[in-house]
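# Working through the structure, step by step
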Amino acid sequence: NHTVKRLATCNRRRNQRRTGSFGRFASRKEFSMPDTTSVSQPVWRMFFAVAVPPIQRLVTVHQTLDRWSDVLRRVPPTQWHLTIRFLGDVDSALLEGIRRAGREAAAGGNALEFAFRGIGTVRQRGRLSVLWAGVADSGSLPTLAEHLNAGLVACGLPAETRPLNPHLTLARFRGPASRQLLRW
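Notes on the structure in this doc start here. This one's a predicted model, so the numbers in the text were calculated from it and none came from an experiment. (Residues numbered from 1 in each chain as written. Predicted model: local features only at pLDDT ≥ 70, side-chain atom pairs only at ≥ 80, totals over all residues. Heavy atoms only, no water.)

## Observations concerning the overall build of the protein
As a reminder of what qualifies: Only runs of H or I of at least four residues qualify as helices and only runs of E of at least two qualify as strands under DSSP, and these elements are numbered from the N terminus. Each residue's exposure class comes from its accessible area (1.4 Å probe, protein chains only) as a fraction of the maximum for that residue type: buried when under 20%, exposed when over 50%, partly exposed otherwise. Any pair of residues with heavy atoms lying within 4.5 Å of one another is described as a contacting pair.
Across its full length, the protein carries 4 helices and 9 strands. Within the protein, buried positions represent 41% of all 184 residues. Here the contacts in the protein between residues at least 6 apart in sequence split such that 75% fall between residues at least 24 apart.

## Section: the pairing of strand β4 (residues 43–51)
This is how the line gets drawn: Any two strands between which DSSP finds at least two bridges are classified as paired.
With 7 of 9 residues buried, β4 lies mostly within the body of the structure. Two strands pair when backbone bridges link them, and β4 and strand β6 (residues 81–91) are joined in this way by 9 bridges, in the antiparallel orientation. In the sheet register, Trp44 faces β6, and the bridge partner there is Val90.

## Brief notes about the nonpolar core
Which entries qualify depends on this criterion: Nine residue types can take part in a nonpolar core, namely buried Ala, Val, Leu, Ile, Met, Phe, Trp, Tyr and Cys, and a core is a set of them joined through side-chain atoms within 4.5 Å.
Among the nonpolar cores identified, the biggest contains 41 residues, and Leu72, Ile98, Phe116 and Leu152 are the most heavily contacted of them. Put simply, the parts of the chain that give this core at least two residues each are β4, α1 (56–64), β6, α2 (95–107), β7 (112–124), β8 (127–137), α3 (140–154) and β9 (167–173). No other element matches the 5 residues that α3 contributes to this core.

## Some remarks on the pattern of salt bridges
This is how it is decided: Counted as salt bridges are all cases of a side-chain nitrogen of Lys or Arg within 4 Å of a carboxyl oxygen of Asp or Glu.
Per the counting criterion, the structure on display carries 5 salt bridges. Here Asp66 makes a salt bridge to Arg74, at a shortest N to O gap of 3.9 Å. Taking relative accessible area as the criterion, Asp66 reaches 41% and is therefore assigned partly exposed. The partner of Arg85 in a salt bridge is Glu160, and the shortest N-O contact between them spans 3.5 Å. One end of the pair, Arg85, is in strand β6; the other, Glu160, is in the loop between α3 and β9, and 75 residues separate them in sequence. Residue classification places Glu160 among the partly exposed positions, given a relative accessible area of 24%. What you see here is one network of salt bridges that share partners, running through Arg85, Glu160 and Arg162.

## Concerning α2
The cut-off we apply is this: What a helix should span is 1.5 Å times the count of its residues minus one.
In this model, α2 (13 residues) spans 18 Å end to end at C-alpha, consistent with the 18 Å of a helix rising 1.5 Å per residue. Those residues of α2 that sit buried are Leu95, Gly97, Ile98, Arg99, Ala101, Gly102, Ala105 and Ala106.

## Observations concerning the side chain of Ser129
Relative to the helices and strands, Ser129 resides in strand β8. Beyond its immediate stretch of four places on either side in the chain, Ser129 contacts Val122, Arg123, Gln124, Ala171, Arg172 and Phe173.

## Focus: the packing of aromatic side chains
Two descriptors summarise a pair of aromatic rings, namely the distance from one centre to the other and the angle between the planes of the rings. Short version of the rule: Pairing of aromatic side chains requires ring centres within 6.5 Å, counting the rings of Phe and Tyr and the six-membered ring of Trp. Pairs whose planes differ by under 30 degrees are stacked, by over 60 edge-to-face, and all others tilted.
Per the stated rule, a full pass over the model turns up 1 aromatic pair. Seen in terms of ring centroids, Phe114 and Phe116 are 5.5 Å apart; in terms of plane orientation they differ by 85°. Their pairing is edge-to-face. There is no split in this pair, since Phe114 and Phe116 are both buried.

## Describing the packing of α2 against α3
In plain terms, the rule: Here an angle of 0 to 180 degrees is reported between the N-to-C directions of two axes, which are lines fitted to C-alpha atoms, with helices fitted over the stretch in contact. The cut-offs work like this: below 35 degrees is roughly parallel, past 145 is roughly antiparallel, 65 to 115 is roughly perpendicular, and the gaps in between are oblique. By convention the crossing between two helices is left-handed if the near helix lies anticlockwise of the far one by an angle smaller than a right angle, and right-handed if it lies clockwise. Each residue gets one of three labels, nonpolar for Ala, Val, Leu, Ile, Met, Phe, Trp, Tyr, Cys and Pro, charged for Asp, Glu, Lys and Arg, and polar for the others, Gly among them.
For the pair α2 and α3, the least separation of the axes is 8 Å and the interaxial angle reads 150°. By the angle between their directions, the pair α2 and α3 is classed as roughly antiparallel. Between α2 and α3 the crossing geometry is right-handed. On the side of α2, the interface is formed by Ile98, Ala101, Gly102, Ala105 and Ala106, while α3 contributes Leu144, His147, Leu148, Gly151 and Leu152. Broken down by class, the residue content of the contact of α2 with α3 amounts to 7 nonpolar, 3 polar and no charged.

Put into C-alpha cells, the structure is as follows:
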C-alpha cells in the first residue's frame, strides 16, 4: 500500500500546444491553480488528479518497458498521477468555483491509501493506445472523488456519472505491439 498526500490539477489554455505547461502540482493543504486574472483565453482544458511518487516497484516495471521503445512512449515518473475527475473544456468564469471545490475536497480528507495491482491496456479505434497499472483502492480515492464532485456541481459543472476507474498510465503506444510485449 502507498500513502499519497497530494492533489493536483492539470490545466492548459485550450489551443495551447501539448508540449506547453500542464499546470502545477500542489500539496493537499495548499491546493492552487493559476491566477485567473492572467487568463487570456476564455476556455481551459482541465482535470483533477492525485500525484503519484516514483514507487520502486513501478519504476522497475517502467524501466523494463524501455526494451519496447520502438512501439511505446513511456510516461516519465514525474508526470505519474491518478485522474480523479476529468473536466474537459471549462469556461474561465468558473475557475474560482473550481479552485474552491478542489481546496474543500483536499482539506476534508486524510492521506490516500491504495495499492497497484495488475497491468492492462486501453484500445481506441481498434488499436492499443495506453499501457496502465491498475489500482486497488482502500476507499479513499472514491471518497475524495465524491467530495470533489459535490463541490464542482455546486459551482455549476455537471455531475460525474461514470464510475471512478483509477489507473496509472505507464506508457502510450506509438504503433502495433509485438507478440513479445503482448505476452509480457
